[in-house]
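Chain by chain, the residues:
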Amino acid sequence: MEQYIIKGGKPLIGEVTISGYKNAALGIIAASVMTDETVKIENIPDVRDIDVLLQAIEDIGAKVERINRNTVKINGSKINTVEVEADYVRKIRGSYYLVGALLGKYKKAKVVLPGGCNIGSRPFDQHIKGFEALGASVKIEHGSICSEAEGLNGAHIYFDVCSVGATINVMLAACLSEGLTILENSAKEPHVVDVANFLNSMGANVKGAGTDVIRIKGVTKLHGCEYSIIPDQIEAGTFMFAAAATKGDILIKNIIPKHLEAFTAKLLEIGAQVEEFDDAVRVKAVGKLGSSHVKTLVYPGFLTDMQPQMTTLLAISKGTSIVTESIFENRFKYVDELSRMGANIKVESNTAIIDGVDKFTGAVVSAPDLRGGAALVIAGLMAEGYTIVEDVEYIERGYEKLEYKMQQLGASIIKVDSEDTKAIKKFKLKVS
Ligand code: EPU
């Protein structure tokens, strides 16, 4: 089993370049099979969830040509089945976008119910509501979402819950429906906008993405295009918080500062320094940081995907902080692991009450999910002594070369097989 070994206590200093946004790439890769022409997608993050989705579309007949680890050409003209049921697909969440994409193009799709991180109940009802409003019949049978339609017709849909997944999924199907679709109470996250921009580059007519109301005029056919994915706001946020946590100084490059405003505001509030440039942000911290109250909300509120990293930072800051998780009810699983490193956090229902401690001490901890795992890496970087983070496969689902990027900033971290005692000994000798 692979694990990270971290010798903590060094400030992270230097420059880091942010990769493409995984959660946008998942929607865009699924959408790319909606045309018979070739699309070229750049700035794809080299992470496991993307590998799984590319494999899934290749398995149903799409031609996937990886120009390099961050650029891919996809051609969906030879898709020979609309059934995506292989077991490995269950592991990721983004596979559900194939329902919207295939239903839009072929008026039929059968896709295994998605998995993804175990961070709370993750219903699909809003996706179903949208597909049914467009005229499809949708059933959950034998663990798969089965959808079918004679034809799809534009509709006026009001989402009961603001959902990134449902907004993107229904938007995909609506692009190839007849007439006008209006999506109200849509998610406004940057990746919704990126998928809409990609669809428009393929000839779709999507307006209003990034606001509550998205209007989609159906077209009969989409065409090929070249597209570059936006930078990953969560990866950027993770490095921003790692800079503050280790009392470091990092210039985070290839970002869109607007997407990071909620994190910037919190960092400034607790006493870190943040300087914004056109496509970079510099985060620096000196001395002890202060406390804060944080509530996760839909964009442009504070992202649930940054909640574990924020809580971890507050756990070694001065005073008492309160973090409320309002999107996913099970997103505090990493707190037990943090406690093993000395954190003083009490979780009551969806709220964490954090009493800042002076220091963390290294321990063996296990990543419970993607973002919780990243938070444990940050904890390890500021802890006294060695921290071992197990189950790194969760972290690799969404962070491109995390340990390499951290090493470039001066961190003492390696990824090793837990059985590889020689490599572990060598690392310890090097950093001691
Ligand atoms: N919800 C419903 N019904 C639905 C869909 C969602 O009630 O049909 C609820 C969920 O239970 C949740 C809320 O709506 O309480 C928001 O869920 P959303 O659909 O927005 O989340 P998602 O599409 O499943 C995406 C990201 C997550 C990220 C959330 C929130 C992808 C592949 N996943 O999930 O990313 O946390 O939006 O921004 O885009 C991650 O990257 O680590 C991750 C988990």
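What counts, and where the lines are drawn
- Residues numbered from 1 in each chain as written.
- Predicted model: local features only at pLDDT ≥ 70, side-chain atom pairs only at ≥ 80, totals over all residues.
- Heavy atoms only, no water.
- Pairing = 2+ DSSP bridges.
- Helix = DSSP H or I, 4+ residues; strand = E, 2+ residues; numbered from the N terminus.
- Axes fitted to C-alpha atoms, helices over the stretch in contact; angles between N-to-C directions.
- Contact = heavy atoms within 4.5 Å.
- Salt bridge = Lys/Arg side-chain N within 4 Å of Asp/Glu carboxyl O.
- Domains from an automatic or database assignment.
- Buried area = accessible area lost by both parts, 1.4 Å probe.
- Polar contact = N/O pair within 3.5 Å; in protein donor to acceptor, adjacent residues only side chain to side chain.
- Nonpolar A, V, L, I, M, F, W, Y, C, P; charged D, E, K, R; others polar.
- Core = buried A, V, L, I, M, F, W, Y, C linked by side-chain atoms within 4.5 Å.
- Buried < 20%, exposed > 50% of the residue type's maximum accessible area, 1.4 Å probe, protein only.
- Parallel < 35°, antiparallel > 145°, perpendicular 65-115°, else oblique.
- Near = heavy atom within 4 Å.
- Areas by Shrake-Rupley, 256 points an atom, 1.4 Å probe, with all protein chains shown as cover.
- 1 Å grid on protein atoms, 1.4 Å probe; cavity = no way out; pocket = protein on both sides within 12 Å on 5 of 7 lines; lining within 4 Å.
- Sits in = over half its atoms within 2 Å of the grid points.

Asks: Can you walk me through the sheet that holds strand E19 (residues 320–324) in this structure?
Replies: Adjacent strands of a sheet form backbone hydrogen bonds with each other and so pair up, either parallel or antiparallel. Ordered in space as E18-E19-E21-E20, the four strands form an open sheet in which the pairing is mixed. The two strands at the open ends of the sheet, each matched to only one other strand, are strand E18 (293–295) and strand E20 (344–348). The mean inter-strand angle of the sheet, taken between neighbouring strand axes irrespective of direction, is 15°. As defined by bridge partners, E18 adjoins E19 across three bridges and the pair is classed as parallel. Bridged to Val 294 within E19 is Val 323. Packed onto the sheet, helix H9 (residues 307–314) meets E18, E19, E20 and strand E21 (351–355) and runs at close to 170° relative to E19.

Asks: Where do I start with the pattern of salt bridges in this structure?
Replies: Between side chains of opposite charge, pairing is possible as soon as their charged atoms come close. Across all of its chains, the model carries 26 salt bridges by this definition. Here Lys 105 makes a salt bridge to Asp 36, at a shortest N to O gap of 2.8 Å. Here the residue Lys 105 occupies a position in helix H3 (residues 97–106), and Asp 36 occupies one in the loop between helix H1 (22–32) and strand E3 (38–42), the gap between them amounting to 69 residues. The partner of Glu 396 in a salt bridge is Arg 48, and the shortest N-O contact between them spans 2.6 Å. Taken as a pair, Glu 396 in helix H12 (residues 393–396) and Arg 48 in helix H2 (residues 48–59) lie far apart in primary sequence, 348 residues in all.

Asks: Even after reading the chapter, I still don't get the domain arrangement of the protein, so can you show me in this structure?
Replies: Interface size is commonly expressed as the accessible surface area that is lost when the partners come together. Domain boundaries in the protein define domain 1 (2–18 + 233–431) and domain 2 (22–228). The interface is formed by 24 residues belonging to domain 1 together with 24 residues belonging to domain 2. Per-residue buried area on domain 1 facing domain 2 is highest for Tyr 299, Arg 397 and Glu 400; these three make up 35% of the total on that side. Across the domain 1-domain 2 interface, the total number found is two salt bridges. The interface formed by domain 1 and domain 2 includes six residue pairs in polar contact (both at pLDDT 80 or more). The residue makeup of the side of domain 1 that touches domain 2, split by class, is seven nonpolar, five polar and 12 charged.

Asks: How do you make sense of the nonpolar core when you look at a structure like this?
Replies: Soluble, globular proteins show a tendency: their nonpolar side chains are buried together. In this structure, Ile 41, Met 171, Leu 199, Met 240, Phe 241, Ile 252 and Phe 360 are the most contacted members of the largest nonpolar core, which totals 149 residues. No other element matches the nine residues that helix H7 (residues 233–245) contributes to this core. Lining this core are residues from two domains, each supplying at least three of them: domain 1 (2–18 + 233–431) and domain 2 (22–228). Once residues lying within four places of it in the same chain are set aside, the contact partners of Ile 41 are Ile 28, Ile 29, Ser 32, Asn 70, Thr 71, Val 72, Ile 74, Phe 198, Tyr 227 and Ile 229. If you look at the next biggest cluster of nonpolar residues, it comprises seven residues, including Ile 5, Ile 388, Val 416 and Ile 424.

Asks: So what exactly am I meant to see when it comes to the sheet that holds strand E23 (residues 386–390) here?
Replies: Read from one edge to the other, the open sheet built from four strands follows the order E22-E23-E1-E24, with strand pairing classed as mixed. In this open sheet, the two edge strands, each paired with only one partner strand, are strand E22 (364–366) and strand E24 (412–417). Going from strand to strand, the sheet's axes swing by 25° on average, the running direction of each strand aside. Strand direction decides the pairing type here: strand E1 (residues 2–7) and E24, joined by six bridges, are antiparallel.

Asks: Explain the packing of H7 against helix H8 (residues 261–269) to me, please; I cannot follow it from the model alone.
Replies: Relative placement of two packed helices is described by the angle separating their axes and the distance separating the axes. Between H7 and H8, the least distance of the axes is 10 Å, while the angle of their chain directions is 10°. With respect to their mutual orientation, H7 and H8 come out roughly parallel. Across from Gln 233, Gly 237, Met 240, Phe 241 and Ala 244 in H7, the residues of H8 making contact are Phe 263, Thr 264 and Leu 267. Of the residues in the contact of H7 with H8, the class split is five nonpolar, three polar and no charged.

Asks: Can you help me understand the site of the ligand in this one?
Replies: As a matter of local geometry, the ligand sits amid 24 residues, with Tyr 96, Ser 163, Val 164, Asp 305 and Ile 327 nearest to it. Here an oxygen atom of the ligand and a side-chain polar atom of Arg 93 are 3.2 Å apart. Within the side chain of Arg 371, a nitrogen or oxygen atom sits 2.8 Å from an oxygen atom of the ligand. Look at the ligand: alone it shows 820 Å² of surface, and the protein chains cover 91% of it. A majority-of-atoms criterion places the ligand in the largest pocket. Among the residues forming the shell around the ligand, the class breakdown is 10 nonpolar, seven polar and seven charged. In this structure, the shell around the ligand is formed jointly by two domains, domain 1 (2–18 + 233–431) and domain 2 (22–228), each of which donates at least three residues.

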